[in-house]
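# Residue-level structural notes
Here are the chains, one letter per residue:
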Amino acid sequence: MNVIIAGGGKTGAALAGTLGDQGNQVTVIEIDPENMESLPASRVESGAISIVVGDGSEPQVLEACGIREADVFIAVTGSDTVNGLAAQRALYEYRVTKTVLKVRDENLRSLYDSLGLAAVNSVQLTVQNIMSALSG
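All values reported here derive from a predicted model rather than from experimental measurement.

Here the focus is the nonpolar core. Across soluble globular proteins, you tend to see nonpolar side chains buried next to one another. In this structure, Ile 4, Ile 67, Phe 73, Val 96 and Leu 101 are the most contacted members of the largest nonpolar core, which totals 22 residues. Elements with a contribution of two residues or more to this core: β1 (2–6), α3 (59–64), β4 (72–75), α4 (80–93) and β5 (98–103). Among the elements that take part in this core, α4 stands out by supplying four residues, more than any other. Aside from chain neighbours lying at most four places away, what touches Val 96 is Ile 67, Ala 70, Asp 71, Val 72, Phe 73, Ala 90 and Leu 91. Counting 13 residues, the second largest nonpolar core, distinct from the first, contains Val 3, Ile 5, Ala 13 and Val 72.

Our next topic: helix α5 (residues 106–114). Measuring from the backbone nitrogen of Asn 107 back to the side-chain oxygen at the start of α5 gives 2.8 Å, which picks out Asp 105 as the cap. In the stretch just after α5, Gly 116 is the one whose phi turns positive, near 90 degrees.

Reading the values: the criteria
Residues numbered from 1 in each chain as written. Predicted model: local features only at pLDDT ≥ 70, side-chain atom pairs only at ≥ 80, totals over all residues. Heavy atoms only, no water. Core = buried A, V, L, I, M, F, W, Y, C linked by side-chain atoms within 4.5 Å. Buried < 20%, exposed > 50% of the residue type's maximum accessible area, 1.4 Å probe, protein only. Helix = DSSP H or I, 4+ residues; strand = E, 2+ residues; numbered from the N terminus. Contact = heavy atoms within 4.5 Å. Polar contact = N/O pair within 3.5 Å; in protein donor to acceptor, adjacent residues only side chain to side chain.

Remember that the coordinates give geometry; whether it matters functionally is a separate question.
Now the structure itself:
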């Protein structure tokens, strides 16, 4: 699969590494090059993971990443607003049908879900995992 990830911090880097290890072509968009330290260097050097510096919600950056050929778009920046805008663009403007975004605000998760976007609330997932660990 051709996967584009907006956000090269810890979550984006972990996703890129996992998806790259599974044989996918991964492009990571990050506005701050210093945030990409967690990306697996061997995967970047081999070309399995490409890096584009820029704002993942900007059409020019998305075009430079090959968004028109993407199978999956994932937005995991530190900003709910950027993630929402980037995911909406990917789904509605570029027709990337597998689009997922991370949000911190549960109300936004509900809103994005109603717009046809797969939104994940990181706080809620953490709570669910802790509760599962306590009951197991």
